Amino acid sequence: MRLFTRMAYAAVIGAMALMPFAASAQTAAETANSIEAVGVAKQGNGIVVKITLKKAIQSVPGSFSVANPARIAIDFPATINGTGKGSQVFNEGDLRSANIVQAGDRTRLVLNLQRPLAYETRIEDKNVVVTLAGSAAASVAPQTAKFAEATPASSGHAIRDINFRRGKDGEARVIVDLSDPGVGIDIQQQGNNLVVDFARASLPEQLRKRLDVTDFATPVTSITSTPQGSGVRMVIAPKGLWEHNAYQSDNQFVVEVKQVQEDPRKLVQGAGRQKYAGDKLSLNFQNIDVRSVLQVIADFTNFNIITSDSVTGNLTLRLKDVPWDQALDIILQAKGLDMRKNGNVIWIAPRDELATRERLEFEARQQITDLEPLRTESFQINYHKATSVAAFLRNRDQTILSKRGSVVVDERTNKLFVSDIGSRLDDIRRVVSEIDVPVRQVLIEAQIVEAADTFTRNLGVRLGFGGSAGGVVGTTTDGRSVGRNNFGAGIGQTTYQAGLVETKPNLYTDGLAVNLPAGAIAAKAAGALSFVLWNSNATRFLALEISALEADGKGKVISRPRVMTADQVEAIIEQGVEIPYQQATSSGATSVSFRKANLALKVKPQITPDGKIMMSLDVNKDTPNTKISTSSGIAIDTKHVKTEVLVENGGTVVIGGIYTQETTNQTTKIPFLGDLPVAGYLFRDNARVDDKTELLVFITPRIVSDQSAAR
């Protein structure tokens, strides 16, 4: 990125003719070179200044120019002033005079001009020749910031769009979209306006207009873009005291205009972070009157300085290359003085005198306020309740109303009638216009997602045997004996079941030797596989039943509450049930109370100046737990999130989440037998549970425009 800032027209001048000339103790014999003479001659439309040195120099001395006041300064290092003069008056064309000032072993020659002129410096033997051009064509260069050299018109440069933005600190920002980075741009100040010229560029028809940007509350009031010859001219009209800077990044050119608050104690306004920003000067005085020093500074700065009669005394000072406003501040501090600035007039007096004068002015204003007649003015309140605005104006903690002021509310028309002095009515009018504005609305949508993943596996076995020796033996009506067990659907039973009578007590419960079946899950019975082995006489049998159950479940519950509310106004939306429960009272009796088990969203949004949304959130999701019940009522499962977040408009953020996982492995077996390889599966029951649950809360805020709200 190429960065360009406003050019500083006040260049550094180390010494001027305003300081008395003091002869240096250093002589020509002790220095390598010296200035012997300065001559001026008119040549055509220009002026030639010939500076004669004692010895010839190898390179052109350094120089610079100042536009306001118009001056050219030439520095001669390792050189003294051998002319014996501190200044010379020429009055030749635009050249008025010259000042020669020595500082140590360096001498500066300052040419004082009537207007800025272009100049050229060259060396001729022992002479340095400065040629001043007859036109001021090049003199405007210090006042113009050039961002790119103009290229031929055939390149097809164009301005595509012009936008205006208000910065976070209230500065105006003019954004120009260019067709390419090579567009030549010149920016300069003309009077109270800022003029930007785009060389050899075209402007679309829809952009040839005046933009009124007063409503943005920035230093800029209007922007006018018009074709100007082969290019485009943009005129930016600021107000008040302001400063600007400009920069270009690729195809985008930006001009920023910032308001500068005038400080009556500050001599140079808009100096940015630097405390002192005046032109530099050097002063060397011995026991000089304070009034004379102030007169020297007044002549240097072109300010009108008024000195109080009580300002007296002398001082001695030596300042070298110091900003003039800092030099004035040093003088005032040294003599216990202070100053007040109004326009280009500076009033200087002792601090106590200024403080007394200001105190008397304030007291006089207060007396005028107590005697000034009251006026009554009505204020129509459009977007607030007049009663709330009246309560704000009557607040004892603020001073908008004077002690004689009063306010009356008409609720039918929603108007305020305020009686107060004229200055306070102006303040009230400004305050009402700032607070009585449409309140933007925000739509907040919450999405609560509960996901569950359950997995259960059970594997069990039932084993039994029977017969005349160890089982339950029964006899049928025809005298045939059969074994009996009671697991499985009809396992171990035949068509001779009818009339079965037990003749011996049970040695095994229902004829079972191993009873470890798979359990049911969620009212779902386990599947079973069974078979029975009989001997040839049907007097012995062996029964085996294998039961197994595997359950895999996935579930998701989505709750999506949404609510719309105004900026900085709390809103709540909820849905659910109220569960009754008994509660003891102070007298010992019981009463029925209710507790909410609902889904609730409570939010208070705040729209930030950059278009984001700050939210205070309280999300609650309660559900009754029917599995847990007491004599007082049903338990409630609670999920609660309370936080504050900053989210972009239309963006989604996860404000919280809960993840739980429950894993269980359970084995029921017969000792020793259940540990046998392979065969041990017939003597044990295995159960495995793996349940996962996750809760996520998403929030999406959106600023609702007027058109969206209407729809």
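Before reading further, recall that the structure is shown in the block above.
Residues numbered from 1 in each chain as written. Predicted model: local features only at pLDDT ≥ 70, side-chain atom pairs only at ≥ 80, totals over all residues. Heavy atoms only, no water.

## Describing the overall build of the protein chain
For step 1, the next point in the chain: A count of helical and extended segments in the protein chain gives 6 helices and 44 strands.
For step 2, the next point in the chain: Classification of the 711 residues of the protein chain by burial places 38% in the buried group.
For step 3, the next point in the chain: Relative to all contacts within the protein chain whose residues are 6 or more apart in sequence, the contacts with residues 24 or more apart total 64%.
For step 4, the next point in the chain: Total accessible area on the protein chain stands at roughly 39900 Å², and carbon and sulfur atoms take up 49% of it. (Helix = DSSP H or I, 4+ residues; strand = E, 2+ residues; numbered from the N terminus. Buried < 20%, exposed > 50% of the residue type's maximum accessible area, 1.4 Å probe, protein only. Contact = heavy atoms within 4.5 Å. Areas by Shrake-Rupley, 256 points an atom, 1.4 Å probe, with all protein chains shown as cover.)

## Quick word on the pairing of strand β11 (residues 127-132)
For step 1, the next point in the chain: Extensive coverage of β11 is indicated by the burial of 5 of its 6 residues.
For step 2, the next point in the chain: Of the pairings in the sheet, the one linking strand β3 (residues 46-53) to β11 comprises 6 bridges and is antiparallel in character. Bridging across to β11, Ile-47 finds its partner in Leu-132.
For step 3, the next point in the chain: The sheet contact formed by strand β10 (residues 119-124) and β11 spans 6 bridges and is antiparallel. Paired with Glu-124 across the strands is Asn-127, a residue of β11.
For step 4, the next point in the chain: If you look at the hairpin formed by β10 and β11, you'll find 2 residues sitting between the two strands, and Asp-125 has a positive phi there, around 55°. (Pairing = 2+ DSSP bridges.)

## Considering the sheet that holds β11
Whenever strands of a sheet pair, they do so through backbone hydrogen bonds, lying parallel or antiparallel.
For step 1, the next point in the chain: Reading across from one edge, β6-β2-β3-β11-β10 is the order of the 5 strands in this open sheet, with mixed pairing throughout. Strand pairing shows two members of the sheet lacking a second neighbour, β6 (79-81) and β10, which therefore form its edges. For this sheet, the mean inter-axis angle between neighbouring strands, taken without regard to orientation, is 30°.
For step 2, the next point in the chain: In this sheet, β6 lies alongside strand β2 (residues 33-43) in parallel orientation, the contact comprising 3 bridges. Bridging from a neighbouring strand, Ile-35 pairs with Asn-81 of β6. (Axes fitted to C-alpha atoms, helices over the stretch in contact; angles between N-to-C directions.)

## Topic: the side chain of Asn-33
For step 1, the next point in the chain: Turning to its location among the elements, Asn-33 is positioned in strand β2.
For step 2, the next point in the chain: At 3.2 Å, the side chain of Asn-33 and the backbone nitrogen of Lys-54 are in polar contact.
For step 3, the next point in the chain: With residues up to four places along the chain from it excluded, the contact list for Asn-33 reads Leu-53, Lys-54, Lys-55, Ile-57, Ala-78, Thr-79 and Ile-80. (Polar contact = N/O pair within 3.5 Å; in protein donor to acceptor, adjacent residues only side chain to side chain.)

## Points about the packing of aromatic side chains
For step 1, the next point in the chain: According to the stated counting rule, one finds 3 aromatic pairs in the structure shown.
For step 2, the next point in the chain: Taking the centre distance of 5.1 Å and the plane angle of 70° together, the rings of Phe-164 and Phe-216 count as edge-to-face. In this pair, Phe-164 is assigned in strand β13 (residues 157-166) and Phe-216 in the loop between β18 (210-212) and β19 (220-228), connecting sequence segments 52 residues apart.
For step 3, the next point in the chain: For Phe-164, a relative accessible area of 8% puts it in the buried group.
For step 4, the next point in the chain: Judged by centre distance (6.0 Å) and plane angle (90°), the ring pair of Phe-198 and Phe-253 falls under edge-to-face. Residue Phe-198 is found in strand β16 (residues 193-199), and its partner Phe-253 is found in strand β22 (residues 252-259); the two are separated by 55 residues along the sequence. (Phe/Tyr/Trp six-rings, centres within 6.5 Å; stacked < 30°, edge-to-face > 60°.)

## A word on the nonpolar core
Generally speaking, a soluble globular protein has its nonpolar side chains buried in company with each other.
For step 1, the next point in the chain: Grouped together as the largest cluster of nonpolar side chains are 27 residues, with contacts concentrated most on Ile-159, Val-174, Val-196, Phe-198, Met-234, Phe-253 and Val-255.
For step 2, the next point in the chain: When contributions to this core are tallied by element, the ones reaching two or more residues are β13, β14 (172-178), β15 (184-190), β16, β19, β20 (231-238), β21 (242-249) and β22.
For step 3, the next point in the chain: Of the residues forming this core, the biggest block, 4 residues, is contributed by β14.
For step 4, the next point in the chain: Apart from residues no more than four positions distant in its own chain, Ile-159 is found in contact with Val-176, Asp-177, Leu-178, Phe-198, Ser-202, Leu-203, Pro-204, Leu-207 and Val-232. (Core = buried A, V, L, I, M, F, W, Y, C linked by side-chain atoms within 4.5 Å.)

## What to know about the pattern of salt bridges
For step 1, the next point in the chain: Within this structure, the stated rule accounts for 22 salt bridges.
For step 2, the next point in the chain: When the shortest N-O distance is used, the salt bridge between Arg-562 and Glu-445 registers 3.3 Å. Note that Arg-562 is positioned in strand β38 (residues 562-566) and Glu-445 in strand β31 (residues 441-467), a separation of 117 residues in sequence.
For step 3, the next point in the chain: Taken together, the salt bridges that share partners define one network made up of Glu-445, Arg-560, Arg-562 and Arg-702. (Salt bridge = Lys/Arg side-chain N within 4 Å of Asp/Glu carboxyl O.)

## Considering unusual backbone geometry
For step 1, the next point in the chain: Notably, Asp-125 is not glycine yet its phi reads approximately 55°, a positive angle.
For step 2, the next point in the chain: Structurally, Asp-125 can be placed in the loop between β10 and β11.
For step 3, the next point in the chain: Although it is not a glycine, Asn-302 sits at a positive phi angle of roughly 65°.
For step 4, the next point in the chain: Summarising the element assignment, Asn-302 is placed in the loop between α1 (290-301) and β24 (304-307).
For step 5, the next point in the chain: Owing to a relative accessible area of 62%, Asn-302 belongs among the exposed residues under this scheme.

## Comments concerning the packing of α1 against helix α2 (residues 324-334)
For step 1, the next point in the chain: Two numbers describe how α1 lies on α2: the axes approach to 11 Å, and their chain directions differ by 165°. Comparing their axes, α2 and α1 come out roughly antiparallel. The crossing of α1 and α2 is left-handed. Seen from α1, the contacting residues are Val-290, Val-293, Leu-294, Ile-297, Phe-300 and Thr-301; seen from α2, they are Trp-324, Leu-328 and Ile-331.
For step 2, the next point in the chain: Classifying every residue of the contact of α1 with α2 by side-chain character gives 8 nonpolar, 1 polar and no charged. (Parallel < 35°, antiparallel > 145°, perpendicular 65-115°, else oblique. Left-handed = near helix turned anticlockwise from the far one by under 90°. Nonpolar A, V, L, I, M, F, W, Y, C, P; charged D, E, K, R; others polar.)

## Thoughts on the environment of Ile-100
For step 1, the next point in the chain: Structurally, Ile-100 can be placed in strand β8 (residues 95-103).
For step 2, the next point in the chain: Separated by 26 residues in the primary sequence, Ile-100 and Ile-74 have C-alpha atoms spaced 9.7 Å apart.

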